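# Per-entry structural report
What follows is the residue order along each chain.
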Amino acid sequence: MTTFDERADLRDLSRTADRVRGSVETVIEGKPEVVQLSLTVLLAEGHLLIEDVPGVGKTMLAKALARSIDCSVRRIQFTPDLLPSDITGVSVYDQQRREFEFKPGAVFAQIVIGDEINRASPKTQSALLESMEERQVTIDGHTYELPEPFMVVATQNPVEMEGTYPLPEAQRDRFMARVSIGYPSPEAELEMLDVHGGASPLDGLNPVTHAHEIGRLVEAVRGVHVAEGVRRYAVDLVAATRAHAELRLGASPRATLHLLRAARAAAALAGRDFALPDDAQALAVPVLAHRLLPTAQAQLNRRTSEQIVAEIVRSVPVPDPYGQRRARSH
């Protein structure tokens, strides 16, 4: 049974999410589903990968989300000469004190913007692995905790573009979701020219909430109930990727966990204290597709991982409210 405090938390979450959404949408116009997914990942304690061609607002989205929250923000511009120590930090010997002193790197912030992450070498990209999974950094045998909440928002260009490296599988798997912004509609692009033609839209963006409030809302999301049938449905979706003939690498158990966390956040944003199969369905493509590797034959047939996940969602039976399972209607 939902308690008064839980209902109050959900109301607070909804109001705060509306403020953040409205703030980001003053910069990213005509893309409400992209902004909604960004909020979902934030409240689900995940990391977001924004992949698209240059010039569509990837970095603008990351900056708008960061500026809407009063918290520490650091930006890392990934380039071929970026070193792992630039990200994590380095121990420097202090001559006066005769001891090593740790100089924190750019990852020590509550929101880390990784711009064009796939322009750095895989060795440098791997510097984020520990921080994204364990919220800590280990340097010279010493472990340093990262601040909370902690979120990496990374942008990347499609891998076929010049000067890019493919993200390692372990790196992709640590991103909860991948989103593509896409080109704006002609009307939105025309409005962008009218409103943003003279100055950066980020200049007038002020925080609408703070890190402590986000941390409290994350706690509320953790309390969203996920029934056994919904958990089983998420497991079935992920398991189907591992057995699919057109995939040579399916989704990991981490993907199942990310799908459940994202479903909890989506339910909370919808004002519910319980998750539905529909929440997992709606998030399956952004949460699972970027982790998968199609076979060579599938690539020759121009089949994308997004298409394959969408087919899996249509084929996997969905639990109904009475615990039974039914095939999804086409």
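Residues numbered from 1 in each chain as written. Predicted model: local features only at pLDDT ≥ 70, side-chain atom pairs only at ≥ 80, totals over all residues. Heavy atoms only, no water.

### Quick look at the sheet that holds strand 1 (residues 48-51)
Pairing within the open sheet is parallel, and its five strands lie in the order 3-6-9-1-10. If you trace the sheet from one side to the other, it starts and ends with strand 3 (73-77) and strand 10 (177-179), each paired once. Ignoring which end each strand starts from, the neighbouring axes of this sheet average 20° apart. Note: strand 1 against strand 10, three bridges, orientation parallel. Of the residues in strand 10, the one forming a bridge with L48 is A177. Most of the contacts of helix 2 (residues 32-43) go to strand 10, to which it runs at about 160°, and overall it touches strand 1, strand 9 (151-156) and strand 10. The strands that helix 3 (residues 58-67) touches are strand 1, strand 3, strand 6 (111-115) and strand 9; relative to strand 9, the one it contacts most, it runs at about 165°. (Pairing = 2+ DSSP bridges. Helix = DSSP H or I, 4+ residues; strand = E, 2+ residues; numbered from the N terminus. Axes fitted to C-alpha atoms, helices over the stretch in contact; angles between N-to-C directions. Contact = heavy atoms within 4.5 Å.)

### A few points about the pattern of salt bridges
This model, assessed by the stated rule, comprises 21 salt bridges. Between D18 and R21 there is a salt bridge; the shortest N-O distance is 2.5 Å. Placement of both D18 and R21 in helix 1 (residues 4-25) is noted, with a separation of three residues, approximately one turn of the helix. Residue E101 is joined to K103 by a salt bridge in which the shortest nitrogen-to-oxygen separation is 3.7 Å. The exposure class assigned to E101 is partly exposed, which follows from its relative accessible area of 28%. Salt bridges linked by common partners bring D94, R97, E99, E101 and K103 together as one network. (Salt bridge = Lys/Arg side-chain N within 4 Å of Asp/Glu carboxyl O. Buried < 20%, exposed > 50% of the residue type's maximum accessible area, 1.4 Å probe, protein only.)

### A short note on the packing of helix 10 (residues 228-243) against helix 11 (residues 253-269)
Between helix 10 and helix 11, the shortest axis-to-axis distance is 9 Å and the interhelical angle comes to 140°. Taken together, helix 10 and helix 11 sit at an angle that is classed as oblique. For the element pair helix 10 and helix 11, the recorded crossing hand is right-handed. For the pair helix 10 and helix 11, contact is made by R231, A234, V235, L237, V238 and R242 and by P253, A255, T256, L259 and L260, respectively. (Parallel < 35°, antiparallel > 145°, perpendicular 65-115°, else oblique. Left-handed = near helix turned anticlockwise from the far one by under 90°.)

### Considering a nonpolar patch on the surface
On the surface, a cluster of nonpolar side chains totalling about 290 Å² of accessible area is made up of L190, M192 and L193. Residue placement: M192 occurs in helix 8 (residues 186-196). (Patch = residues over 30% accessible without salt bridge, like charges linked within 9 Å, V, L, I, M, F, W, Y side chains within 5 Å. Areas by Shrake-Rupley, 256 points an atom, 1.4 Å probe, with all protein chains shown as cover.)

### Considerations on the confidence of the model for the protein
Note that predicted coordinates carrying low pLDDT should not be read in detail. Confidence along the protein averages 86 in pLDDT terms, with 92% of residues attaining 70 or more. Long-range and interchain partners of residues 321-325, a stretch whose pLDDT sits below 50, account for eight contacts in this model, where long-range means more than four residues apart. (pLDDT = per-residue confidence, 0-100.)

### Comments concerning helix 11
Under the 1.5 Å per step criterion, the end-to-end length of helix 11 is 25 Å for 17 residues, consistent within 8% with the ideal 24 Å. Those residues of helix 11 lying buried are A255, T256, H258, L259, L260, A262, A263, A265, A266, A267, A268 and L269. G271 occupies a position one or two residues after helix 11 and carries a positive phi of about 85°. (Expected span 1.5 Å × (residues − 1).)

### Quick notes on the side chain of Q110
Examined against the element boundaries, Q110 turns out to sit in the loop between strand 5 (99-104) and strand 6. Side-chain polar atoms of Q110 contact the backbone oxygen of E148, separated by 2.9 Å. Apart from the residues within four sequence positions on either side, Q110 is in contact with C71, S72, P147, E148, P149, F150, M151 and A211. (Polar contact = N/O pair within 3.5 Å; in protein donor to acceptor, adjacent residues only side chain to side chain.)

### Side note on the packing of aromatic side chains
Enumeration according to the criterion identifies three aromatic pairs in this entry. Considering the side-chain rings of Y93 and F100, the 5.2 Å spacing of their centres and the 65° angle between planes classify their relative orientation as edge-to-face. Among the residues examined, F100 registers a relative accessible area of 59% and is labelled exposed. Taken together, a centroid distance of 5.7 Å and an interplanar angle of 65° make the contact between F102 and F108 edge-to-face. As far as the burial class goes, F102 and F108 line up, both buried. Put simply, the rings of F102, F108 and Y144 touch in pairs and so form one group of aromatic residues. (Phe/Tyr/Trp six-rings, centres within 6.5 Å; stacked < 30°, edge-to-face > 60°.)

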